[in-house]
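# What the coordinates show
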Amino acid sequence: MEADLMNPVTGPDDEPVEADPAETLSVGDPILGKSRLLSRQCDTCIFAPGNRMHLPPGRLRELVTETRRRESFVICHDTLPHYKDPEAKPAICRGFADRYRTQALQLIERLFGFIEIKP
C-alpha cells in the first residue's frame, strides 16, 4: 500500500523537512509481500503524551481527521528516508494503527498481513 505525505515534518533541529511531491512512499516489502508496521511507537511518536514532535495546536487532530477521511494510514516520521536516514524503509505508525481501523489497514491485514519492524 502506498500513502502520500500530507505535510512536511520537522527534522531533529525543528526545521521543516520537505518531501519530494513526486515521490510516493510505499510501506510494502516487495520480498515478503507484507506491509511494514512498527512493532511499537517510536520515541517521538505524534500519539505519545507531551507533544514530542512539537506539532502546532490542532495539527494532530487535522492529520488524523484527514487520514481517516481518506481511509488511509500515517507513515511514521522516523521511517521517512528524508527525515533521518536515507536508507530508511517507510513503515506504518504504530500509534495510529493501534487507535484507528481504517479501510486501508483492514485490507492490508486481511490480504497481505504485516511485518513488524523495530522503530
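Check the entry above for the structure.
What this report covers is the structure whose coordinates are included nearby. (Residues numbered from 1 in each chain as written. Predicted model: local features only at pLDDT ≥ 70, side-chain atom pairs only at ≥ 80, totals over all residues. Heavy atoms only, no water.)

### As for the overall build of the chain
Each helix and strand counted, the chain has 3 helices and 7 strands in total. Reading the secondary structure of the chain in the N-to-C direction produces β-β-β-β-β-β-α-α-α-β. Counting only residues that meet the buried cut, the chain has 38% of its 119 residues in that class. Surface exposure of the chain reaches about 7,300 Å², of which carbon and sulfur atoms provide 50%. (Helix = DSSP H or I, 4+ residues; strand = E, 2+ residues; numbered from the N terminus. Buried < 20%, exposed > 50% of the residue type's maximum accessible area, 1.4 Å probe, protein only. Areas by Shrake-Rupley, 256 points an atom, 1.4 Å probe, with all protein chains shown as cover.)

### A short note on the pattern of salt bridges
Applying the stated criterion to the full structure yields 7 salt bridges. Overlapping salt bridges, with partners in common, bring together Glu66, Arg69 and Arg70 in one network. (Salt bridge = Lys/Arg side-chain N within 4 Å of Asp/Glu carboxyl O.)

### Things to note about unusual backbone geometry
The phi angle at Asn51 is positive, at roughly 50°, despite the residue not being glycine. At His54, a residue that is not glycine, the phi angle is positive and equals roughly 55°. Checked against the element boundaries, His54 lands in the loop between strand E6 (34–38) and helix H1 (59–69). Overall, His54 belongs to the exposed group, its relative accessible area being 57%.

### Topic: the side chain of Arg94
Along the chain, Arg94 falls in helix H2 (residues 94–99). Filtering out sequence-adjacent residues up to four positions away, Arg94 remains in contact with Leu37, Leu38, Ser39, Arg40, Gln41 and Glu116. (Contact = heavy atoms within 4.5 Å.)

### Observations regarding the sheet that holds strand E5 (residues 28–29)
Across the sheet, 3 strands lie side by side as E5-E6-E7; this open sheet has mixed pairing. Edge positions in the sheet fall to E5 and strand E7 (114–117), since each has one partner strand and no second. (Pairing = 2+ DSSP bridges.)

### Things to note about the state of the cysteines
All told, the structure shown has 0 disulfides when counted by the stated rule. As a non-bridged cysteine, Cys76 has Cys42 as the owner of its nearest cysteine sulfur, 3.8 Å distant. (Disulfide = S-S within 2.5 Å.)

### Describing the pairing of E6
Counting buried positions along E6 yields 4 of 5 residues, so the element is predominantly enclosed. Two strands pair when backbone bridges link them, and E5 and E6 are joined in this way by 2 bridges, in the antiparallel orientation. Opposite Asp29, over in E6, you have Lys34 as the bridge partner. In this structure, the hairpin formed by E5 and E6 is closed by a connection of 4 residues, where Gly33 is found at a positive phi of approximately 70°. Pairing between E6 and E7: 4 bridges, direction parallel. Residue pairing in the sheet places Arg36 in a bridge with Ile115 of E7.

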